[in-house]
Amino acid sequence: MWYNTKAKELLGIDYPILQGPFAGNLSTVELTATVSNLGGLGGYGAYTLSPQEIYEVDKQIKAATDKPYNINLWVSDHDIPDGGLTDEQFEKTKALFKPYYDELGIPLPEKPAPFQSRFENQLQVILDVKPKVFSFMFGVPSDDVLEQFRRSGIVTVGAATTLDEAIFLESKGVDMIIASGFEAGGHRPSFLTNAEASVTGTFVLLQLMREKIKTPIIAAGGIADGKGVAAALTLGASAAQIGTAFLAVDESNALPIHREMLFSDAAKYTTLSRAYTGRLGRGITSRIAKDIIGKESNILPFPLQTTFISPLRKAALDQQKWDMILFWGGQISPILKHTKAKELMYSLIEETTAYFNDLKS
């Protein structure tokens with residue numbers, strides 16, 4: 001059967017269908033558990049959580065499912081230079097964004113406080129709570145850390161946006177590698193070169209990786225239905241990871257307007273932009289994302305840009321100025337159909353099964 005892949009065996013799941021783990025407070029225990037309970041692999045993006053919050057979330061997931069699930073962290077959690085943020089850089093950013101703050105009638109924020117990396121402390125929690133799967137992006141943990149995960153029996157999954165990144169991940173002994181195509185919503189998890197130079201499509205990247213590495217591959221980006229899952233498996237993927245379609249269901253923590261936008265005509269148009277966080281990410285095209293093209297040098301490094309723009313985002317939401325907000329979403333959004341996680345999972349399984357049954361008949 002189509003679902004008898006290496007991923008099913010490694011991850012201990014019934015179907016090689018993974019829910020993308022959303023960072024930025026977009027994941028929920030309910031969504032993670034629902035996908036896992038229905039035979040897929042639910043995922044929880046914990047990048048923004050403190051170690052104690054990760055403990056609490058993990059406890060809640062374990063109470064909601066006895067099936068495998070994935071917790072995701074970001075290896076590189078900031079892009080701030082050693083000298084910190086200069087006053088000169090901050091003044092340039094303020095000048096660039098002042099018209100938008102003025103339009104919303106709110107003051108420009110103060111210079112963001114220095115950022116303290118928390119990845120090392122977060123890692124210890126993952127080793128303590130032992131989820132079946134630990135996925136990571138924006139780099140690779142140290143060899144010592146990966147060895148600790150191996151000894152703990154935790155499956156490791158890294159994200160690649162280029163063939164070079166996939167080869168590097170394989171050289172580190174990662175158990176599975178995500179082929180993250182540029183169609184995907186959210187941040188581009190590039191780490192060997194800049195994200196703008198790492199924009200290969202999912203199915204091209206999948207085929208390149210299939211030729212050059214032996215590690216099982218998870219296809220991600222531009223997949224939202226059973227035909228997409230079947231296409232990924234046909235091209236040699238061991239599993240498909242689905243992000244935007246799960247972000248759009250009621251069980252995610254996306255705002256109601258965010259989910260509404262993913263089902264609207266606006267979702268036909270998406271943009272890769274650094275304007276909202278300082279890192280390149282895909283969302284539904286906004287006025288600010290278009291305006292900032294070519295002015296990226298005046299954007300604060302990640303995640304200080306997120307802090308800086310947070311008041312603007314809140315005011316735009318309050319004033320219903322949707323064109324000033326980047327709602328995360330992938331290029332596949334216009335084909336989304338389901339608003340319930342259970343219905344989406346059933347549909348993915350049924351459509352993929354039907355596709356492969358048709359091939360046999």
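The model shown is predicted, which means the values in this text are computed figures rather than measured ones.

What to know about the overall build of the chain
Alright, step 1. When its secondary structure is counted, the chain shows 14 helices and eleven strands.
Alright, step 2. Computed over its C-alpha atoms, the radius of gyration of the chain comes to 20 Å, within 12% of the 21 Å expected for a compact globule of 361 residues.
Alright, step 3. By its C-alpha atoms, the chain is 60 × 45 × 40 Å across when sized along the principal axes.
Alright, step 4. Relative to its 361 residues, the chain shows a buried fraction of 55%.
Alright, step 5. Here the analysis covers contacts within the chain between residues at least 6 apart in sequence; of these, 69% occur between residues at least 24 apart.
Alright, step 6. In the form shown here, the chain has an accessible surface area of approximately 15,300 Å², with 50% of it arising from carbon and sulfur atoms.
Alright, step 7. Of the charged side chains in the chain, 35 are positive and 41 negative, and the gap between their average positions amounts to 2 Å.

Describing the sheet that holds strand E7 (residues 186–187)
Alright, step 1. What the three strands build is an open sheet, ordered E7-E11-E10; its pairing is antiparallel. For this open sheet the edge positions go to E7 and strand E10 (270–273), each flanked by a neighbour on one side alone.
Alright, step 2. Relative to strand E11 (residues 281–284), E7 runs antiparallel, the two sharing two bridges. Within E11, the residue paired with Gly186 across the bridge is Arg282.

Some points on helix H4 (residues 87–104)
Alright, step 1. Between its first and last C-alpha atoms H4 spans 24 Å; for 18 residues at 1.5 Å apiece the expected length is 26 Å, and the two agree.
Alright, step 2. A maximum bend of about 50 degrees is found in H4 at Phe97, where proline Pro99 lies one to four positions downstream.
Alright, step 3. Those residues of H4 lying buried are Phe90, Thr93, Leu96, Phe97, Tyr100, Tyr101 and Leu104.
Alright, step 4. Where H4 is buried, its residues meet helix H12 (287–292) and helix H13 (304–318).
Alright, step 5. Gly105, located one to two residues past H4, shows a positive phi value of around 75 degrees.

Description of the pattern of salt bridges
Alright, step 1. Using the criterion set out here, one finds 18 salt bridges in the structure.
Alright, step 2. Across the pair Glu91 and Lys94 runs a salt bridge whose closest N-O atoms are separated by 3.4 Å. In this pair, Glu91 and Lys94 both sit in helix H4, three residues apart, roughly one turn of the helix.
Alright, step 3. Residue Glu91 is classed as partly exposed on the basis of its relative accessible area, which comes to 43%.

Here we look at the nonpolar core
When a protein is soluble and globular, its nonpolar side chains tend to lie buried together.
Alright, step 1. In this structure, Phe97, Phe246 and Ile288 are the most contacted members of the largest nonpolar core, which totals 98 residues.
Alright, step 2. Of all the elements, H13 adds the most residues to this core, at seven residues.
Alright, step 3. Beyond its immediate chain neighbours, meaning those up to four positions away, Phe97 contacts Ala275, Ile288, Ile292, Gln305, Phe308 and Ile309.
Alright, step 4. Core analysis: the next-biggest nonpolar cluster, separate from the first, contains 20 residues, Leu18, Phe138, Ile218 and Ala220 among them.

As for helix H5 (residues 119–129)
Alright, step 1. Along H5, the residues classified as buried are Phe119, Gln122, Leu123, Val125, Ile126, Leu127 and Val129.
Alright, step 2. Its buried side turned inward, H5 meets helix H3 (51–64), strand E3 (69–74), strand E4 (133–137) and helix H6 (143–152).

Looking at empty space enclosed by the protein
Alright, step 1. Tallied over the full model, the rule gives three cavities of 30 Å³ or more.
Alright, step 2. Its volume calculated, the largest cavity comes out at about 100 Å³.
Alright, step 3. Every residue along the wall of the largest cavity is listed here: Ala224, Asp225, Gly226, Ala245, Ile335, Leu336, Lys337, His338, Leu344, Ser347, Leu348 and Glu351.
Alright, step 4. No other element matches helix H14 (residues 341–360), which puts four residues into the lining of the largest cavity.
Alright, step 5. Grouping the constituent residues of the lining of the largest cavity by class yields six nonpolar, three polar and three charged.

Rules of the game
- Residues numbered from 1 in each chain as written.
- Predicted model: local features only at pLDDT ≥ 70, side-chain atom pairs only at ≥ 80, totals over all residues.
- Heavy atoms only, no water.
- Helix = DSSP H or I, 4+ residues; strand = E, 2+ residues; numbered from the N terminus.
- Rg over C-alpha atoms; globule rule 2.2 N^0.38 Å.
- Buried < 20%, exposed > 50% of the residue type's maximum accessible area, 1.4 Å probe, protein only.
- Contact = heavy atoms within 4.5 Å.
- Areas by Shrake-Rupley, 256 points an atom, 1.4 Å probe, with all protein chains shown as cover.
- Lys, Arg positive; Asp, Glu negative; His and termini not counted.
- Charge placed at Lys NZ, Arg CZ, Asp CG, Glu CD.
- Pairing = 2+ DSSP bridges.
- Expected span 1.5 Å × (residues − 1).
- Bend = angle between axes of the 7 residues up to and from the residue.
- Salt bridge = Lys/Arg side-chain N within 4 Å of Asp/Glu carboxyl O.
- Core = buried A, V, L, I, M, F, W, Y, C linked by side-chain atoms within 4.5 Å.
- 1 Å grid on protein atoms, 1.4 Å probe; cavity = no way out; pocket = protein on both sides within 12 Å on 5 of 7 lines; lining within 4 Å.
- Points joined across faces, edges and corners; volume = space filled by probe spheres on them.
- Nonpolar A, V, L, I, M, F, W, Y, C, P; charged D, E, K, R; others polar.

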